[in-house]
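# Observations on chain architecture
Spelled out from the first residue to the last, the chains are:
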Amino acid sequence: MIVGVGVDIVEVERIRRALEDGKIGQRFRDRVYTKGEIEYCEDKRKGKYQSYAGRFAAKEAVMKALGSGWGSRVTWQEIEVLPALGGRPEVSLKDKTAAYARDLGMQNFLISISHSERFAVAYVVAQTP
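The present account deals with the structure reproduced in this document. Owing to the predicted nature of the structure, the values given are computational and were not obtained by experimental measurement.

### Section: the overall build of the protein chain
Counting secondary structure elements, the protein chain contains 5 helices and 5 strands. Its C-alpha radius of gyration of 14 Å places the protein chain within 12% of the 14 Å reference for a compact globule of 129 residues. By principal-axis analysis of the C-alpha atoms, the protein chain measures approximately 40 × 30 × 25 Å. Residues classed as buried in the protein chain amount to 45% of the 129 residues present. In the protein chain, 56% of the contacts between residues at least 6 apart in sequence involve partners at least 24 apart.

Have a look at this one:
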């Protein structure tokens, strides 16, 4: 049964500027993305900013499906979006964010990410077990 839906769209250029900013770039990257996500995006070389933007949109979409922005119950680092076997994206929740999702009856998240040169979009459906 579907218990939550979230969608988000992000400008790739906005994420690129944030990541390359000399003052906040490293802090932004370390705050929003997990080590695995950073490795995945950096491996994309030419398309790395689209990949970063896609993961940012995905995390925002997960937060919307949860009905919560980031804060004490939901954090950026506790939402990880990496490819599963075969390449499709997969959402993994950790710690407090996973507990919050379970409290809401959400156990499975289906996700789709798409991007162009200018935009990245993600759509998430949260399901009960």
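Let's pick the thread back up.
### Structural notes on the packing of helix α1 (residues 12–20) against helix α4 (residues 48–66)
Two elements in contact, α1 and α4, have axes separated by 9 Å at closest approach and are oriented at 105 degrees. It follows that α1 is roughly perpendicular to α4 by the angle criterion. Judged by residue contacts, V12, R14, I15, R16, L19 and E20 of α1 engage Y49, Q50, Y52, A53 and F56 from α4. Of the residues in the contact of α1 with α4, the class split is 7 nonpolar, 1 polar and 3 charged.

### Overview of the sheet that holds strand β5 (residues 119–127)
Taken in spatial order, the 3 strands of this open sheet run β1-β5-β4, and their pairing is antiparallel. For this open sheet the edge positions go to β1 (2–11) and β4 (108–115), each flanked by a neighbour on one side alone. For this sheet, the mean inter-axis angle between neighbouring strands, taken without regard to orientation, is 10 degrees. Two strands pair when backbone bridges link them, and β1 and β5 are joined in this way by 9 bridges, in the antiparallel orientation. Across the sheet, E11 pairs through a bridge with F119, a residue of β5. Lying on the sheet, α1 is in contact with β1 and β5; it crosses β1 at an angle near 75 degrees.

### Structural notes on α4
Note that an α-helix has 3.6 residues per turn; residues three or four places apart therefore point the same way. Helix length check: α4, at 19 residues, gives a terminal C-alpha distance of 27 Å against a target of 27 Å (1.5 Å per residue), a fit within 8%. A large share of α4 lies buried, amounting to 18 of its 19 residues. Phi turns positive, to about 75 degrees, at G67, one or two residues after α4.

### A short note on the pairing of β5
In terms of strand pairing, β4 meets β5 through 8 bridges, oriented antiparallel. Counted as the bridge partner of I113 is A122 from β5. Linkage of β4 to β5, two consecutive antiparallel strands, is achieved through a turn of 3 residues.

### Brief notes about the side chain of E78
Its location among the elements puts E78 in the loop between α4 and β2 (79–83). Buried and unpaired, E78 has K96 as its nearest opposite-charge partner, separated by 4.6 Å. Setting aside residues no more than four positions away along its own chain, E78 makes contact with S92, L93, K94, D95, K96 and T97.

### Notes on the packing of α1 against helix α2 (residues 25–32)
Between α1 and α2, whose axes approach to 5 Å, the crossing angle comes to 115 degrees. When the axes of α1 and α2 are compared, the pair comes out roughly perpendicular. Between α1, through I15, A18 and L19, and α2, the contact on the second element is made entirely by G25, F28 and R29. Split by residue class, the contact of α1 with α2 holds 4 nonpolar, 1 polar and 1 charged.

About the thresholds
All chains use their own residue numbering, which begins from 1 and follows the written sequence. In keeping with the model being predicted, local features are shown solely for residues with a pLDDT of at least 70 and side-chain atom pairs are shown and tallied solely at 80 or more, while totals for entire chains, interfaces and linings include all residues. For side-chain calculations, the full set of non-hydrogen atoms in the structure is used, while hydrogens and water are omitted. Secondary structure elements follow DSSP: runs of H or I no shorter than four residues count as helices, runs of E no shorter than two count as strands, and numbering proceeds from the N terminus. Atoms counted for the radius of gyration: C-alpha only. Globule rule: 2.2 Å times residue count to the power 0.38. Remark: exposure states derive from per-residue accessible area (1.4 Å probe, protein chains only) relative to the maximum for the residue type, with buried under 20%, exposed over 50%, and partly exposed in between. Contacts were defined at the residue level, with two residues in contact if any of their heavy atoms lie within 4.5 Å. Axis definition: a line fitted to C-alpha atoms, limited for helices to the stretch in contact. Angles are taken between N-to-C directions and run from 0 to 180 degrees. Note on terminology: angles under 35 degrees are roughly parallel, angles over 145 are roughly antiparallel, angles of 65 to 115 are roughly perpendicular, and the others are oblique. The residue classification treats Ala, Val, Leu, Ile, Met, Phe, Trp, Tyr, Cys and Pro as nonpolar and Asp, Glu, Lys and Arg as charged. All others, Gly included, are polar. One bridge is not enough; two strands pair if DSSP finds at least two bridges between them. The length a helix should cover is 1.5 Å for every residue beyond the first. The sign given to each residue is positive for Lys and Arg and negative for Asp and Glu; His and the chain ends receive no count. When a carboxyl oxygen of Asp or Glu lies within 4 Å of a side-chain nitrogen of Lys or Arg, that pair is called a salt bridge.

Note that every value here comes from positions in space, so none of it alone points to a role or purpose.
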